[in-house]
Amino acid sequence: MHKALSDLAYVNPLSELPPGLNPRSPVSFIPMADVTEGGEWVSRQVRQLQEVRNGFTSFANDDVLVAKITPCFENGKGALVSGLVSGVGFGSTEFHVLRARENVAPRFIFHITQSTGFRLVGERYMTGSAGQKRVAREAFDAFQLPCFSPDEQRAISTTLDTLDTTIRQTDAIIEKLKQVKQGLLHDLLTRGIDANGELRPQQAEAPDLYMACEGQFVPRTWPYELLDEVAVRGSGHTPSKSVASYWNGGIKWVSLADSHRLDQIYIGETDKEISDAGIANSSAVKHPAGTVILSRDAGVGKSAVLANEMAVSQHFMAWTCSPRLNNLYLYFLLQHMKPLFETIALGSTVKTIGLEFFRKLRIPVPPRQEQDQAVVMLLAAEERVAREQSELEKLKMLKNGLMDDLLSGRVRVTPLLAKSATP
């Protein structure tokens, strides 16, 4: 026997105001931006009742919010709300509100709305134009699931809550590691490593070790040189798109379509390929593996290292480093300079950095041994983040698979309940 989700929860119920409230009473306010794609409610805002009573969606403690508009719905935006100020909340009109019926656990309803199965059904019941589609109320009637006892609901919720807690903890570890990595990046690229393999003291602690150069302090042992003096700069224009023989020839072509592949150290795959004929009939060149590239247009400031021989479009700068410059050191330096690149880019619709800037770009060039030491430390920090991110992806896949199994009834929690009840 199956039931619709709307049999388990009231859809968009009216929330009565608790007694004793007046127009100035504080209440919770939840815009769409304050719920995450992982089902959390963050940045808990408070407004006066008179500010939000009209024109917003109302809800009460233990209600479940479900984003109705694309792409928020597909991305999983929603939350189970509790601890509402004055016991009531108001929020975006782009929320559906679900309220668990009698003998149904609110947490169980929340997990249903986070499941892949429910999201797929909801997408089929979207109405409206592209970019403004919304999930119709009928989706909650259409989504069917097996009947679960209150004990089963609680057991399923507890199991999924445990995974959610582990996912949140792993997320927090990743954020902490990223902060540590950024701090290390700043220290290594502004203070560097002394002869003992330790970070130099900060400039304020040992001013004699530093010199002022172009608005910042750098160690005195670091030459400040034109990037063009320690690396060969290149780029290349896009071959004619109307000549079929210039394309799909096996040479990876880095274009703006590959922006999402940058800032991950290495880029090995591209959206498009060109041919030797395309190279011969344009200013494009094949750059060797290890070349460092930087986007100067859309996604300005994003960088990467070519994992193999590739060509790049005119939207990128490319540097082949001399023996004096470790290519990964240059990559990390460009990452450190990203805020600067974003600041100096000019343009209204599409911002860009002119070639003249790169011709005059000067960088600190520590001794090669010091660069190599810094790269080892930064790669280790990157690896720590990557390991945790891989673990996070595994946890999310595990949760999605288990959620699907439990909510579809393919895996029942009855044996677990029987085992827990055994003295």
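Residues numbered from 1 in each chain as written. Predicted model: local features only at pLDDT ≥ 70, side-chain atom pairs only at ≥ 80, totals over all residues. Heavy atoms only, no water.

A. View of the sheet that holds strand S3 (residues 26–30). The mixed open sheet is built from four strands, whose spatial order is S4-S3-S8-S5. Only two strands of the sheet have a single neighbouring strand rather than two, namely strand S4 (45–48) and strand S5 (57–60). Adjacent strand axes in the sheet meet at a mean angle of 40 degrees, parallel and antiparallel pairs treated alike. Sheet analysis places S5 next to strand S8 (residues 88–91), joined by four bridges and oriented antiparallel. Counterpart to serine 58 in the pairing with S8 is phenylalanine 90. (Pairing = 2+ DSSP bridges. Helix = DSSP H or I, 4+ residues; strand = E, 2+ residues; numbered from the N terminus. Axes fitted to C-alpha atoms, helices over the stretch in contact; angles between N-to-C directions.)

B. Structural detail: the side chain of serine 255. In this fold, serine 255 is placed in the loop between strand S17 (247–254) and strand S18 (266–267). Accessibility expressed as a relative area gives 10% for serine 255, which makes it buried. (Buried < 20%, exposed > 50% of the residue type's maximum accessible area, 1.4 Å probe, protein only.)

C. Up close: the sheet that holds strand S9 (residues 95–100). As summarised here, the arrangement of the four strands in space is S2-S9-S6-S7, forming an open sheet in which the pairing is antiparallel. Of all strands in the sheet, those with a lone pairing partner are strand S2 (9–11) and strand S7 (78–80), marking the two edges. Sheet twist, expressed as the mean angle between neighbouring strand axes with direction ignored, is 20 degrees. One ladder, built from three bridges, connects strand S6 (residues 64–67) with S7; its direction is antiparallel. Residue pairing across strands places valine 64 opposite leucine 80, the latter belonging to S7.

D. Summary view of the packing of aromatic side chains. Overall, the coordinates contain eleven aromatic pairs when judged by the stated rule. Look at phenylalanine 341 and phenylalanine 357: their rings are 6.2 Å apart centre to centre, the planes differ by 90 degrees, and that puts the pair in the edge-to-face class. In this pair, phenylalanine 341 sits in helix H10 (residues 338–344) while phenylalanine 357 sits in helix H11 (residues 355–360), placing the two residues 16 residues apart along the sequence. Taken together, a centroid distance of 6.5 Å and an interplanar angle of 40 degrees make the contact between phenylalanine 341 and phenylalanine 358 tilted. Of the two residues, phenylalanine 341 sits in helix H10 while phenylalanine 358 sits in helix H11, which places them 17 residues apart along the sequence. When sorted by exposure, phenylalanine 341 lands in the same class as phenylalanine 358, which is buried. Put simply, the rings of Phe73, Phe118, Phe140 and Phe143 touch in pairs and so form one group of aromatic residues. Sitting above the plane of the tryptophan 41 ring, arginine 44 keeps its charged end 3.8 Å from the centroid. The positively charged end of arginine 101 is found above the aromatic ring belonging to tyrosine 10, 4.0 Å away from the centroid. (Phe/Tyr/Trp six-rings, centres within 6.5 Å; stacked < 30°, edge-to-face > 60°. Lys NZ or Arg CZ within 6 Å of the ring centre and 35° of its normal.)

E. Structural detail: the packing of helix H3 (residues 106–114) against helix H4 (residues 116–124). Running from N to C, H3 and H4 point in directions that differ by 60 degrees, and their axes come no closer than 5 Å. As the angle between them shows, H3 and H4 are arranged oblique. Residue-level inspection shows Ile112, Thr113 and Gln114 of H3 in contact with H4, the latter providing Thr116, Phe118 and Arg119. Tallied by class, residues from the contact of H3 with H4 come to two nonpolar, three polar and one charged. (Parallel < 35°, antiparallel > 145°, perpendicular 65-115°, else oblique. Contact = heavy atoms within 4.5 Å. Nonpolar A, V, L, I, M, F, W, Y, C, P; charged D, E, K, R; others polar.)

F. Molecular detail of the pattern of salt bridges. Inspection of the entire model under this criterion finds 24 salt bridges. Where glutamate 356 meets lysine 360, a salt bridge forms, and the shortest distance between an N and an O atom there is 3.7 Å. Of this pair, glutamate 356 and lysine 360 both sit in helix H11, four residues apart, roughly one helical turn. Look at glutamate 356 and you get partly exposed, because its relative accessible area is 40%. (Salt bridge = Lys/Arg side-chain N within 4 Å of Asp/Glu carboxyl O.)

G. Highlighting the environment of leucine 262. With respect to the element layout, leucine 262 can be found in the loop between S17 and S18. Between the alpha carbons of leucine 262 and glycine 299 there is a distance of 9.1 Å; along the sequence they are 37 residues apart.

H. Looking closely at the nonpolar core. Ranked by size, the top nonpolar core spans 39 residues in total, and within it Leu227, Trp319, Leu325, Leu330 and Ile363 carry the most contacts. Of all the elements in the fold, those that place two or more residues in this core are helix H6 (150–190), helix H7 (227–230), strand S21 (292–295), strand S24 (316–321), helix H9 (327–336) and helix H12 (368–408). Tallying contributions element by element places H9 first for this core, with seven residues. Those residues within four positions of tryptophan 319 in sequence are excluded, and the remaining contacts are Leu227, Asp228, Ala231, Val232, Arg233, Thr291, Val292, Leu294, Leu330, Leu334 and Phe358. (Core = buried A, V, L, I, M, F, W, Y, C linked by side-chain atoms within 4.5 Å.)

I. Seen up close, the environment of threonine 159. Counting through the fold element by element, threonine 159 comes out in helix H6. Through-space distance from the C-alpha of threonine 159 to that of leucine 402 is 9.2 Å; in sequence the pair is 243 residues apart. Beyond its immediate chain neighbours, meaning those up to four positions away, threonine 159 contacts Leu402 and Leu406.

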